[in-house]
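Read off the chains here:
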Amino acid sequence: MVIIFSILAVVFTLAGAGTVLKFGGFSKKALTRALAYAAGVLISAALLDIIPAGFSLDAKSLSYGALAALLALFTFENFAAHSFCGEYMEDCEVRDIGTVALAAMGLHSLLDGFNIAVGFAPGMVSGINVALGVILHKFADGVTLASLLLHSGRTPRQAVKFSLWLAAATPAGAFMAAPILKDLPPGAEAFMMGLSGGSFLYIALADILPRLHKTYDRLTPVVFPLGFVTVFLMRLFGK
């Protein structure tokens, strides 16, 4: 299942990039609503699935893992291009995307694959909820990267190359994490779950939701809790 959902994450990343390359953009209103739903899934999966599972194993290790994820993602985001640009929700000009920024985006994508692998540790339902949140977010990542590359003067061919690289980092992260998660002591497994849960909360609360507040879309407050409902129903009928 980890392999299947990792491949789906690649497909959604390339679909986002391909939409920009073929049509020159993507409806901001539609993307806003998709991200609102994704944020609801990410938060719910973290608070209902990942963090409780890690807490039952080792509360202190879980907390350290969550703190490590928040610190790492804050640092990565400061090097990524979309940290100093309004990204897909606002118009901006990007002169160039440096190697460090691209590497930071790659690490972020690598962590998404790690999250998919960790999400299946508590069980199938948790894994599907986690993977759903990652996959929805990857479409926005593809839109973001392709848009920034084209705005910075890169050619469509270069945009495709970097989008493929970004997409491939997700299954790579999942493949690297899967063998590590086998036969881990409870403290180490809880730390891993803290990394995953903390990164989900950071992506949703620090990255997605602040931008959604700037869109003033009336349906966003309706779509956002649908992500909560999806995770809740998965837990209800998946057991």
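Residues numbered from 1 in each chain as written. Predicted model: local features only at pLDDT ≥ 70, side-chain atom pairs only at ≥ 80, totals over all residues. Heavy atoms only, no water.

### Here's the deal with helix α7 (residues 186–212)
End to end, α7 covers 37 Å across 27 residues, agreeing with the expected 39 Å (1.5 Å per residue, within 8%). With 19 of 27 residues buried, α7 lies mostly within the body of the structure. (Helix = DSSP H or I, 4+ residues; strand = E, 2+ residues; numbered from the N terminus. Expected span 1.5 Å × (residues − 1). Buried < 20%, exposed > 50% of the residue type's maximum accessible area, 1.4 Å probe, protein only.)

### A closer look at the pattern of salt bridges
Considering all chains together, one arrives at three salt bridges under this definition. Residues D217 and R33 are paired through a salt bridge, measuring 2.8 Å at the closest nitrogen-oxygen approach. Taken together, the residues D217 in the loop between α7 and α8 (220–238) and R33 in helix α2 (residues 28–57) connect sequence positions 184 residues apart. On the accessibility criterion, D217 (13% relative accessible area) is buried. Overall, R33 belongs to the partly exposed group, its relative accessible area being 26%. As a salt-bridge pair, R211 and D207 come within 2.2 Å of each other at their nearest N and O atoms. (Salt bridge = Lys/Arg side-chain N within 4 Å of Asp/Glu carboxyl O.)

### Section: the nonpolar core
Formed by 47 residues in total, the largest nonpolar core has its most connected members in F114, I116, F200 and I208. Broken down by secondary-structure element, the contributors of at least two residues to this core are α1 (2–23), α2, α3 (59–79), α4 (99–119), α5 (124–151), α6 (156–180) and α7. In terms of residue count, α7 provides more of this core than any other element does, 11 residues in total. Non-local contacts of I116, meaning those with residues more than four positions away in its chain, are made with V2, F5, S6, A9, V130, A131, V134 and T170. In this structure, L145, L148, F162 and L166 belong to the second largest nonpolar core, which totals seven residues. (Core = buried A, V, L, I, M, F, W, Y, C linked by side-chain atoms within 4.5 Å. Contact = heavy atoms within 4.5 Å.)

### Quick notes on the side chain of T13
Among the secondary structure elements, T13 is positioned in helix α1. Residues in contact with T13, not counting those within four places in the same chain, are K138, F139, G142, S163, L166 and A167.

### Quick notes on the packing of α2 against α7
For the pair α2 and α7, interaxial distance at closest approach is 8 Å and the crossing angle is 155°. Judged on the interaxial angle alone, α7 and α2 are roughly antiparallel. When you trace α2 past α7, the crossing you get is left-handed. (Axes fitted to C-alpha atoms, helices over the stretch in contact; angles between N-to-C directions. Parallel < 35°, antiparallel > 145°, perpendicular 65-115°, else oblique. Left-handed = near helix turned anticlockwise from the far one by under 90°.)

### Concerning the packing of aromatic side chains
Under the criterion given, the structure shown has two aromatic pairs. Taking the ring centre of F162 as reference, the NZ or CZ of K161 above it sits at 5.1 Å. (Phe/Tyr/Trp six-rings, centres within 6.5 Å; stacked < 30°, edge-to-face > 60°. Lys NZ or Arg CZ within 6 Å of the ring centre and 35° of its normal.)

### Observations concerning the packing of α1 against α6
Look at α1 against α6: their axes get within 9 Å of each other, and the N-to-C directions meet at 165°. Taken together, α1 and α6 sit at an angle that is classed as roughly antiparallel. α1 and α6 meet at a crossing whose hand is right-handed. Contact residues: V2, I3, S6, A9, V10, T13, L14, A17 and L21 in α1; P156, A159, V160, S163, L164, L166, A167, T170, P171, A174 and F175 in α6.

### Concerning the confidence of the model for the chain
Summarising the model, the chain shows a mean pLDDT of 80, and 86% of its residues fall at 70 or more. Here residues 81–95 is modelled with pLDDT under 50, and outside its nearest four sequence neighbours on either side it reaches 42 contacts, counting other chains as well. (pLDDT = per-residue confidence, 0-100.)

### Details of a nonpolar patch on the surface
A surface patch of nonpolar side chains, amounting to about 800 Å² of accessible area, comprises M1, I3, I4, I7, L8, V11, F12, M124 and F175. Element by element, the count of residues in the nonpolar patch is highest for α1, at six residues. The class of M1 is partly exposed, set by a relative accessible area of 44%. (Patch = residues over 30% accessible without salt bridge, like charges linked within 9 Å, V, L, I, M, F, W, Y side chains within 5 Å. Areas by Shrake-Rupley, 256 points an atom, 1.4 Å probe, with all protein chains shown as cover.)

### With respect to the side chain of S199
Tracing the backbone shows S199 in helix α7. Since its relative accessible area comes to 0%, S199 is described here as buried. Separated by 3.0 Å, the side chains of S199 and N115 make a polar contact. Sequence-distant contacts of S199, defined by excluding residues within four places in its chain, comprise A69, L73, L111 and N115. (Polar contact = N/O pair within 3.5 Å; in protein donor to acceptor, adjacent residues only side chain to side chain.)

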